[in-house]
Protein chains: 2
Amino acid sequence: MREFEVWAPNAKQLELQLGHRPVPLECGERGYWHVAVDSAQPGDDYGYIIDGQKPAIPDPRSAYQPNGVNGLSRLVDHSAFPWTDRNWQAPPLTGAIVYELHIGTFTPEGTFDSTIARLDYLRDLGITHVEIMPVNEFPGKRGWGYDGVDLYAPHHAYGGPDALKRLVDACHAKGLAVLLDVVYNHLGPSGNYLSRFGPYFNENYHTPWGAAVNLDGEWSTEVRRFFCDNALMWFRDYHFDGLRLDAVHAFLDRSAIHFLEQLAIEVSALASETERQLVLIAESDLNQPLVVIARDAHGYGIDAQWSDDFHHALHSVLTGEHGGYYCDFGSLAQLAKSLKSVFVYDGIYSEHRRRNHGRPVIGLAGTRFLGFLQNHDQIGNRATGERTSHLLTVGQLKIAAALVLLGPFVPMLFQGEEFAASSPFQYFTDHEDPDVGRAVTEGRRREFSSFGWDPESVPDPQSDATYERSKLNWDETGKEPHRSILDWHRALILLRRAHSDLTNGDLNAVDVQFDEQQQWLSLRRGAFTIACNFNGSPLTREIAAGQRLMLSSDPECAVHGIALHLPGHSVAILS
Amino acid sequence: MREFEVWAPNAKQLELQLGHRPVPLECGERGYWHVAVDSAQPGDDYGYIIDGQKPAIPDPRSAYQPNGVNGLSRLVDHSAFPWTDRNWQAPPLTGAIVYELHIGTFTPEGTFDSTIARLDYLRDLGITHVEIMPVNEFPGKRGWGYDGVDLYAPHHAYGGPDALKRLVDACHAKGLAVLLDVVYNHLGPSGNYLSRFGPYFNENYHTPWGAAVNLDGEWSTEVRRFFCDNALMWFRDYHFDGLRLDAVHAFLDRSAIHFLEQLAIEVSALASETERQLVLIAESDLNQPLVVIARDAHGYGIDAQWSDDFHHALHSVLTGEHGGYYCDFGSLAQLAKSLKSVFVYDGIYSEHRRRNHGRPVIGLAGTRFLGFLQNHDQIGNRATGERTSHLLTVGQLKIAAALVLLGPFVPMLFQGEEFAASSPFQYFTDHEDPDVGRAVTEGRRREFSSFGWDPESVPDPQSDATYERSKLNWDETGKEPHRSILDWHRALILLRRAHSDLTNGDLNAVDVQFDEQQQWLSLRRGAFTIACNFNGSPLTREIAAGQRLMLSSDPECAVHGIALHLPGHSVAILS
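Residues numbered from 1 in each chain as written. Chains lettered and ligands numbered in written order. Predicted model: local features only at pLDDT ≥ 70, side-chain atom pairs only at ≥ 80, totals over all residues. Heavy atoms only, no water.

## What about the interface of chain B and chain A?
By a frequent convention, interface size equals the accessible area lost on bringing the separate parts together.
Next up, step 1: Contacts between the two partners involve 35 residues from chain B, matched on the other side by 35 residues from chain A.
Next up, step 2: When chain B packs against chain A, close to 2,900 Å² is buried across both sides, 51% of that on carbon and sulfur atoms.
Next up, step 3: At the boundary of chain B with chain A, the tally comes to 18 residue pairs in polar contact (both at pLDDT 80 or more). (Contact = heavy atoms within 4.5 Å. Buried area = accessible area lost by both parts, 1.4 Å probe. Polar contact = N/O pair within 3.5 Å; in protein donor to acceptor, adjacent residues only side chain to side chain.)

In structure tokens form, the structure reads like this:
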């Protein structure tokens, strides 16, 4: 017997399409409809018919969409999977090295199962946490995942529910924690049937993706349950160790208990109940420390948030780019401020935003923030998806890696960054709705031609070639310069993981010195000093007596007494 | 010489219309335009011409609109007023008795100056803080003030800037603090020229009044300045002691520093600088304690907020009304919860809102909240503006007064409540734009006919008679039953002000016992017990030995040993 439940507060009639005959559901409290069907079995396909409108549409909480976003839902028995991770305990996030990957392009086959073969590589690299870009069902076979619509259903093209469980189980067997990227701020433009079921969206608030998710209007308690239950499901039924919450700045919520706080409360209750380490990481454009301040101090209690200001400061110093939001960055002073104080924009005026932005971080550890040189957005939102390795010298890449991997934040790498992969990470989609597909292709070309790009040189997101081009080429890891860059990353990760001075995140123990003119910056973290020469020309600096060279990006880096010699674009780690 | 400054970031050309010739302004940083005019004098009328579009429109920061919302602005010299309140120190809000009044209907003449004659009465009643409904320029001569558009200009029909200063100065001379109601969440439907000057509104967010004020989008720093500077002006140039912030739940602000927090920071800086007690009181429908939590605990740091749940609980218990939002109330248990815990809806499900609402108040004093039986909205938003005195027995009114005036919250009365004024407080307007006027009249009739009212019985807001009918009749204060109700209020206020047990707001010292069946409720506050019989029939209750009757609403209230006798609809105060 199987109990079917679906929320549809405004429906007058609701039927379950399962097998040949529609089965009527009964409406209970607060708009939840129920029916128990004796004959229902895992593997059966079903859908719902609202107010007699055929064909049946997928269950908003569908666990599997084997035929895509417009197909029927398939019953899954989550209790049947033979988990082998009984003794698994995730390592703490504070000591983590996070690795963001995209299932479709991480391996040539692009599936959950093919990913398993690469886990040894990640473990040997020193990764502790794998962060998987969104995997819930999105339109078509290729996509970043931010157009997802069936929030509870692992994508069929990646292998579906069982394959995802195999991947998580395998990660745990290798000692790797697994984080999943989830998108609760909007749904994709096609295959989204939620509004047929209920007021999931609030027309009073608009975001770049349309009406905002209904987090504080009538019926928002049930809408919030939909998202919170989703989070709990990934932890319970898929054994994920954490979630990365996409773009939390797009939540519009005036409730006395913010949606993020509710999520943190419920996840932390589950963690206590199951004695697991479960973490929440927010992508936030708000420069709002409250996101990661503890709940007993009236914060939302999220474990960590991405630190975009550090990224922007580092990227613009290295590349000299000043377009778009990089117009707010570009100086070593800002890079230094981000390393010491997290937010460069901590209440000051941002030219890009045309308003004051952010507030200071006070009394929080650096490990409440993730630091990175790259991520899917920073690469893929460029017209041709160039990685930093396409823009910088090997020396510059090594400086960046040292600041990311030895900096005060939890470091995050984007797949292939560690070996300066030559493949780009371009924006790709596979919209089956031809109107949406055309709109995406044209929208992207229009967007970049407004920045002066030849529209023809902007890859077509809908083209399979754009997707194929974005896959990693693993053969590169054995070739120069990829191999030595990979070695550099390995060495830095080893160093970080071996010394608590580098993982404790104590921002009081961070000291940054720099010279804007000479273009050097020196980051002290406890006993360690990371000395960077951003200039293309060599320089010699005085250092404290007794400091010795632990690691350097260039064989010409040298210490003679109290003189440190740094060739152009180099970095030395002293202790 | 006079320096003119106006913010118009999108204007290409800006001219000052002053006298015969337009004077061009020059655009400086962040969209602020400037010009200095030697000949400009206080009393001169002026306006601005944007991009050559005539006629000139009023200054958004106009200090005076002698000819209404569509007329020219008049220059005012705020430094010229002969203030006499040099030694004034406002009493603390924690010990306050607040009195909400509306300038147009408080006295027959309805002006700032005519109000002065009634201040002795308020002082003798025991009032400490007068709260004046919005006085900034709104369309026409009559109105509640929530349709205001010129935020910096005291209404011409009330007497304009100098008369308002005379009123505040006179209040201070009588020992009365003065609070002003300000509306920062929307502007009225006519005479609002702000959007011609700049992006004051954010089309991404909609409120019941249209696009929300732009508090977090591009240019919001300057928009926030417009409102914060307005608050500071009322404190600086008009010597107000506090502001009541209308409907703060309508602020949509995702900034890292919430607009309310910024306001609190700036007002508190001014208070320190000038060594004055300046307070901010919020009307909030959020049941969000953060509004009044201190800033160092990550709250917004507003001094106090209105406690609607207490009002709703009290009103519905007394009247038996269950329509609209009263459907969420009606039990003594809820009234008891509101007295002990402030919010009845502290995270639980509200049928009216169709969602969970609020969060618990923890560790805050009751004096962070204002408690009231009535206010302009609760009376005036009824179809015919009936006061509680039109709905309840004298005994019930006295119970309500005892709970308001001896309860844990800062008590607030609405003009005339203290003598059970027979005049209603109806919704009145005087829109000069005939389309807006018609829309208001018809909208109101439509609204109430949807609740079953005969449209003809709903007073026409645009009619002068509706306004006249709403004026207080002061002759009543000498007649019964008004006089004895007034005496009752005076006695309760005297009692409250004489005993710190009643003003300390310590919610831990509050104990409430009740019996839903017998309809009695007993509120203990330190040494005092307020014993209420909500039932129409008499009852006898056991009390602790040694308690004596301090005050009672009915001569038949009596204590015999440990027996307290309460006739129907009565209240006794024991100590």
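## Re the sheet that holds strand 29 (residues 563-566) of chain B
Residues and elements named next belong to chain B.
Next up, step 1: Strands sit in the order 26-29-28 across an open sheet of three strands; the sheet is antiparallel. On the outer flanks of this sheet lie strand 26 (539-542) and strand 28 (558-560), each paired with one strand and no other. When strand polarity is set aside, the average angle formed by the axes of neighbouring strands in this sheet is 25 degrees.
Next up, step 2: As judged from the three bridges shared by strand 28 and strand 29, these two strands associate in the antiparallel manner. Opposite histidine 560, over in strand 29, you have alanine 563 as the bridge partner. (Pairing = 2+ DSSP bridges. Helix = DSSP H or I, 4+ residues; strand = E, 2+ residues; numbered from the N terminus. Axes fitted to C-alpha atoms, helices over the stretch in contact; angles between N-to-C directions.)

## Here's the deal with the state of the cysteines
Next up, step 1: Counted by the stated rule, this structure contains zero disulfides over all chains.
Next up, step 2: Looking at the unpaired B:Cys27, the closest cysteine sulfur is the one in A:Cys327, lying at 19 Å. (Disulfide = S-S within 2.5 Å.)

## Some words on the pattern of salt bridges
All names here are of chain A.
Next up, step 1: Inspection of the entire model under this criterion finds 52 salt bridges over all chains.
Next up, step 2: A salt bridge links lysine 174 to aspartate 120; the shortest N-O distance between them is 3.1 Å. Taken as a pair, lysine 174 in the loop between helix 4 (160-173) and strand 13 (177-182) and aspartate 120 in helix 3 (residues 119-125) lie far apart in primary sequence, 54 residues in all.
Next up, step 3: As a salt-bridge pair, arginine 490 and aspartate 487 come within 3.3 Å of each other at their nearest N and O atoms. Taken together, the residues arginine 490 and aspartate 487, both in helix 14 (residues 482-498) and three residues apart, mark about one turn of the helix.
Next up, step 4: On the basis of relative accessible area, aspartate 487 is assigned to the partly exposed category, the value being 39%.
Next up, step 5: If you follow the salt bridges from partner to partner, you end up with Glu131, Asp181, Arg244, Asp246 and Glu283 in one network. (Salt bridge = Lys/Arg side-chain N within 4 Å of Asp/Glu carboxyl O. Buried < 20%, exposed > 50% of the residue type's maximum accessible area, 1.4 Å probe, protein only.)

## Brief notes about the domain arrangement of chain A
All names here are of chain A.
Next up, step 1: Partitioning chain A into domains gives domain 1 (2-57), domain 2 (93-433 + 461-500) and domain 3 (510-574).
Next up, step 2: Look at where the C-alpha atoms of domain 1 and domain 2 centre, and you get two points 35 Å apart.
Next up, step 3: It is Trp7, Arg30 and Ile57 that lose the most area in domain 1 upon contact with domain 2, and together they represent 54% of the buried surface on that side.
Next up, step 4: Viewed at the interface, domain 2 and domain 1 are joined by one salt bridge.
Next up, step 5: A salt bridge links arginine 30 to glutamate 222; the shortest N-O distance between them is 3.8 Å.
Next up, step 6: Counting across the domain 1 and domain 2 interface gives zero residue pairs in polar contact (both at pLDDT 80 or more).
Next up, step 7: Broken down by secondary-structure element, the contributors of at least two residues to the side of domain 1 that touches domain 2 are strand 1 (2-7), strand 6 (45-50) and strand 7 (53-57).
Next up, step 8: For the side of domain 1 that touches domain 2, the class distribution of residues is eight nonpolar, two polar and one charged. (Domains from an automatic or database assignment. Nonpolar A, V, L, I, M, F, W, Y, C, P; charged D, E, K, R; others polar.)

## With respect to the sheet that holds strand 23 (residues 510-515) of chain A
All names here are of chain A.
Next up, step 1: Strand order in the open sheet formed by five strands is 23-24-25-30-27, and the pairing between neighbours is antiparallel. Looking at strand neighbours, the two that pair on one side only are strand 23 and strand 27 (549-552), the edges of this open sheet. Strand after strand, the sheet turns through a mean of 15 degrees between neighbouring axes, direction not considered.
Next up, step 2: For strand 23 and strand 24 (residues 520-525), the ladder comprises six bridges, and the chain directions are antiparallel. The partner of aspartate 511 across the bridge, within strand 24, is arginine 524.
Next up, step 3: Sitting on the sheet, helix 9 (residues 332-341) touches strand 23 and strand 24, and the angle it makes with strand 23 is about 175 degrees.
Next up, step 4: Along the sheet, helix 14 makes contact with strand 24, strand 25 (528-533), strand 27 and strand 30 (570-574), crossing strand 27 at roughly 145 degrees.

## Notes on the pairing of strand 12 (residues 150-154) of chain A
Residue and element names in this part refer to chain A.
Next up, step 1: Of all five residues that make up strand 12, five are buried, and the element is covered over most of its length.
Next up, step 2: Two strands pair when backbone bridges link them, and strand 11 (residues 136-137) and strand 12 are joined in this way by two bridges, in the antiparallel orientation. The partner of asparagine 136 across the bridge, within strand 12, is proline 154.

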